[in-house]
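Summary of structural features
Okay, here's what each chain looks like letter by letter:
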Amino acid sequence: MRPALFAAALSLLTSLSAQAYEVETGPVLLCDTQKQAERFVQLFDGNQEAAILAINAEERNPSACAIIEVAYVEGDPLGIERTVSHAFRITPVAVVAMKTPAGFKQVTPAVFFTPVKVREYAV
């Protein structure tokens, strides 16, 4: 694991254990790195699947970004990425379980990054 990713994971997991947190479930776009989540925003034109396929092709990794049904805990947002027509909050998430045909199965927590669409209004 890269030192920066390790530090982010350690920071997120440490802060989660020090406070109450809410586990969310459902399909979520997960990217291996913050850079990939930011790249998703740059490529997103309303077609989520096309942006995911483009990132995975660039990375030469068919699972660099994917929509996966998991149980996860959100960390503190890292910032906002914008294009002319969209804005996304880049957020680290700790995945704690994955959905299987038998329900959610607990996994060793792992940190990924997700772009969360936000609405911005002109002032």
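A quick note: this is a predicted structure, and the numbers were derived from the prediction, not measured.

Moving on to the overall build of the protein chain. A count of helices and strands for the protein chain gives three helices and five strands. Listed N to C, the secondary structure of the protein chain is α-β-α-α-β-β-β-β in terms of helices and strands. Classification of the 123 residues of the protein chain by burial places 33% in the buried group. Accessible surface, the protein chain as shown: approximately 7,800 Å² in total, 55% of it carbon and sulfur.

Right, let's get into the confidence of the model for the protein chain. In low-pLDDT segments, the atomic positions of the prediction should not be examined closely. Of all residues in the protein chain, 80% attain a pLDDT of 70 or more, and the chain-wide mean is 85. Mean pLDDT values for the elements of the protein chain range from 51 in helix H1 (residues 3-17) up to 96 in helix H3 (residues 48-59).

Let us look at H3. The end-to-end C-alpha distance of H3, which contains twelve residues, comes to 17 Å, matching closely the 16 Å that a straight helix rising 1.5 Å per residue would cover. For H3, the set of buried residues is Ala51, Ile52, Ile55 and Asn56. Buried residues of H3, seen end-on, are gathered within an arc of 130° and therefore sit on one face of the element. Facing away from the buried surface of H3 by more than 90 degrees, the exposed residues are Leu53 and Ala57. Among the structural elements, strand S1 (24-31), helix H2 (34-43) and strand S2 (65-74) are those in contact with the buried residues of H3. By the N-cap criterion, in which a side-chain oxygen at the helix start approaches the backbone nitrogen of a residue two or three places on, H3 is capped by asparagine 47, the distance to glutamate 49 being 3.2 Å. With its phi angle positive at about 55°, arginine 60 sits one or two positions after the end of H3.

Next up on the list: H2. Listed in full, the buried residues belonging to H2 are Gln36, Ala37, Phe40 and Val41. Each buried residue of H2 sits inside an arc of 150° when the element is viewed along its axis, so together they form one side. Exposed and facing more than 90 degrees away from the buried side of H2 are Lys35 and Gln42. Buried-residue contacts for H2 involve S1, H3, S2, strand S3 (79-82), strand S4 (87-100) and strand S5 (103-118).

This part covers the packing of aromatic side chains. The way to describe two aromatic rings as a pair is by their centre distance and the angle between their planes. One pass over the structure, following the stated rule, counts three aromatic pairs. Between phenylalanine 44 and phenylalanine 88, the ring centres sit 5.4 Å apart and the planes meet at 85°, which makes this aromatic pair edge-to-face. Taken together, the residues phenylalanine 44 in the loop between H2 and H3 and phenylalanine 88 in strand S4 connect sequence positions 44 residues apart. For the pair phenylalanine 44 and phenylalanine 88, a shared accessibility class is recorded, and that class is buried. Grouped by ring-pair contacts, the aromatic residues Phe40, Phe44 and Phe88 constitute a single cluster.

This paragraph deals with the state of the cysteines. Simply put, disulfide is the name for a covalent bond between the sulfur atoms of two cysteines. This structure, assessed with the given rule, holds one disulfide. At a sulfur-sulfur separation of 2.1 Å, the disulfide partner of cysteine 31 is cysteine 65. Looking along the S-S bond of the cysteine 31-cysteine 65 disulfide, the torsion reads about 115°, which is the right-handed sense. With cysteine 31 in strand S1 and cysteine 65 in strand S2, this pair connects stretches of sequence that are 34 residues apart. When its relative accessible area of 1% is taken as the criterion, cysteine 65 is described as buried.

How each quantity is defined
Residues numbered from 1 in each chain as written. Predicted model: local features only at pLDDT ≥ 70, side-chain atom pairs only at ≥ 80, totals over all residues. Heavy atoms only, no water. Helix = DSSP H or I, 4+ residues; strand = E, 2+ residues; numbered from the N terminus. Buried < 20%, exposed > 50% of the residue type's maximum accessible area, 1.4 Å probe, protein only. Areas by Shrake-Rupley, 256 points an atom, 1.4 Å probe, with all protein chains shown as cover. pLDDT = per-residue confidence, 0-100. Expected span 1.5 Å × (residues − 1). Arc of directions from axis to C-beta. Contact = heavy atoms within 4.5 Å. Polar contact = N/O pair within 3.5 Å; in protein donor to acceptor, adjacent residues only side chain to side chain. Phe/Tyr/Trp six-rings, centres within 6.5 Å; stacked < 30°, edge-to-face > 60°. Disulfide = S-S within 2.5 Å.

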